[in-house]
Structures are given as structure tokens and as C-alpha cells.
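Listed below, chain by chain, are the residues.
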Amino acid sequence: MALPASFIQHLRQEGYHPRSDKHSKALARAIVADLGRYCDRIASDAQAAKLVWEYNHDLTYGHATWNTDLAIGQPPPGSLPAPVQLVGPMRRATPASTRIAVEIKGVMTEHRKAVKNRKRDLESHHAHVHDYDPQAIAAGIVVVNAAPMFASPLRAAGQITVHRDPEALVQHCINELNNVTMASGAHRVGLDAKCALVVSMDNVDLAATTYWTAPPAPQVGSPIHWDAFMQRICTVYGGRFPTAS
């Protein structure tokens, strides 16, 4: 399974701004597209209009609300309006109940500080999702930058951060993601699926943005590779929601 080309194309066209959600929306669409392409069960439910997706969806449990970057779930009862947006077989609409909730994070610079915050976010994400519904799938994905420098739009023009040992920084981020709690079996504490995508992006020469696929980026067979992320969501979905409803 190829890494999502549409996400890299988005970064090449739009660049990266830490205060924008354009990049998380682009990756959300890539996740929906590949789930519809490679997971037969999710594709069939989507084709039957029994699954829809939405960006930035609020999950409320008691008095607590968590805004998740991507929510996939059952639509409201009754006929759906014409789709606002169709990705693969799945239409964009507000889910009445969420079955898959994905948190999308980026670590583009200041890696050691940023990944500490991202790790905390992912732990909070899975806890809230499983409080909302123990059957719901809590997934998390982190985009990590391996470029030797990065121009942040939040810094003064011309100020570029130099990453003196980017491979070591990427390895540190991978280690931290591996340490995020993972659910297993009937034990519903932790993420049900997690992934790291490593990119090389300086935010200056946008056309040169690409995936970094050599180690320490996750390799095929790693539990946090894109392939494993897709397969894990598909497998858990089929196990927790064995019949369409």
C-alpha cells in the first residue's frame, strides 16, 4: 500500500502553517480514501450510506467534549441530503454516532517539546473516545518532519530553524509514539491504531517536499507504518461492528 500521495501533494501546494487545520483535513481525506479503497467492510458500509465522515467533530461524554480531527460513523436516521463532499464511496456528513475517531498531529520543528505535547494529546484522545463509546475506535497519527531546517510562519521572515541531527529527532519522536498506550484484546485502554508519517519539508522549497521512507521512518511490518494503521482500523472495525446496522 503506497503512502498517501494526496497528502504530500497538499503540502507541496499549500505549505505548512501550525495554526491552520488545512494539513489535518488533507490527511483526513487521505485516511477516508484509503479505508474505502482497502477495507472491504468499511467500503460496503459507506456504499450503503451507513457510514459518513466529518472534520473537527465534537464527541461529548458527560460534561466533557473532545474535538476530533476525523470522525467516521453512522449518519442520522432518514434520507441523507446530497453529499457536500464524497471521498471514495463515503460521503461527508455529520455522524449521529462515531465509530472511528482519528486524532491528527504534526511535529515539524522543536521536536522534543512538540512530541511531548502530541503524546499527551493522544493519551487524552483515546481516553475520551473510549469514555464516549467503549466500542468506538480511537486512532492517532503523527506527521514528523525529517528536514534539516524548517521555516515556520510563526517566526520573523527569514528566520529558519536548523535541525542539527534530524534523524535523531525523528527517532526520538518514533520512540515517543511507540510509548503511547495501545489497546489490546478486550482491554480498551489505549489507542486502537497509531501511525507515524515522516516527511522531509523545509517549508521554503515546497516542491521538494517528500516522504522520508528510510529508517528511522517506520518500515513495512512496523505496527506504526501506514499499512498497519489501515489494516488495524479495518480489522478492529470488523470485530467491533460485525453486522451492518
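Computed from a prediction, not measured in an experiment: that's the story for all the values here.

Caption draft 1: Geometry of the state of the cysteines. Taken as a whole and judged by the stated rule, the model has one disulfide. Two residues, Cys-39 and Cys-234, share a disulfide whose sulfurs are 2.2 Å apart. The disulfide joining Cys-39 to Cys-234 has a torsion of about 80° about its S-S bond and is therefore right-handed. One end of the pair, Cys-39, is in the loop between α2 (22-38) and α3 (40-47); the other, Cys-234, is in helix α6 (residues 226-240), with 195 residues separating them in the sequence. A relative accessible area of 16% places Cys-234 in the buried class. We note that Cys-173 lacks a disulfide partner, and the nearest cysteine sulfur, in Cys-195, lies 14 Å from it. On the basis of relative accessible area, Cys-195 is assigned to the buried category, the value being 0%.

Caption draft 2: Molecular detail of unusual backbone geometry. Pro-216 follows Pro-215 through a cis peptide bond whose omega is 15°. Considering the arrangement of structural elements, one finds Pro-216 in the loop between β10 (210-211) and α6. Phi at Glu-110 takes a positive value of approximately 50°, unusual for a residue other than glycine. With respect to the secondary-structure elements, Glu-110 resides in the loop between β5 (97-107) and α4 (111-132).

Criteria and cut-off values
Residues numbered from 1 in each chain as written. Predicted model: local features only at pLDDT ≥ 70, side-chain atom pairs only at ≥ 80, totals over all residues. Heavy atoms only, no water. Disulfide = S-S within 2.5 Å. Helix = DSSP H or I, 4+ residues; strand = E, 2+ residues; numbered from the N terminus. Buried < 20%, exposed > 50% of the residue type's maximum accessible area, 1.4 Å probe, protein only.

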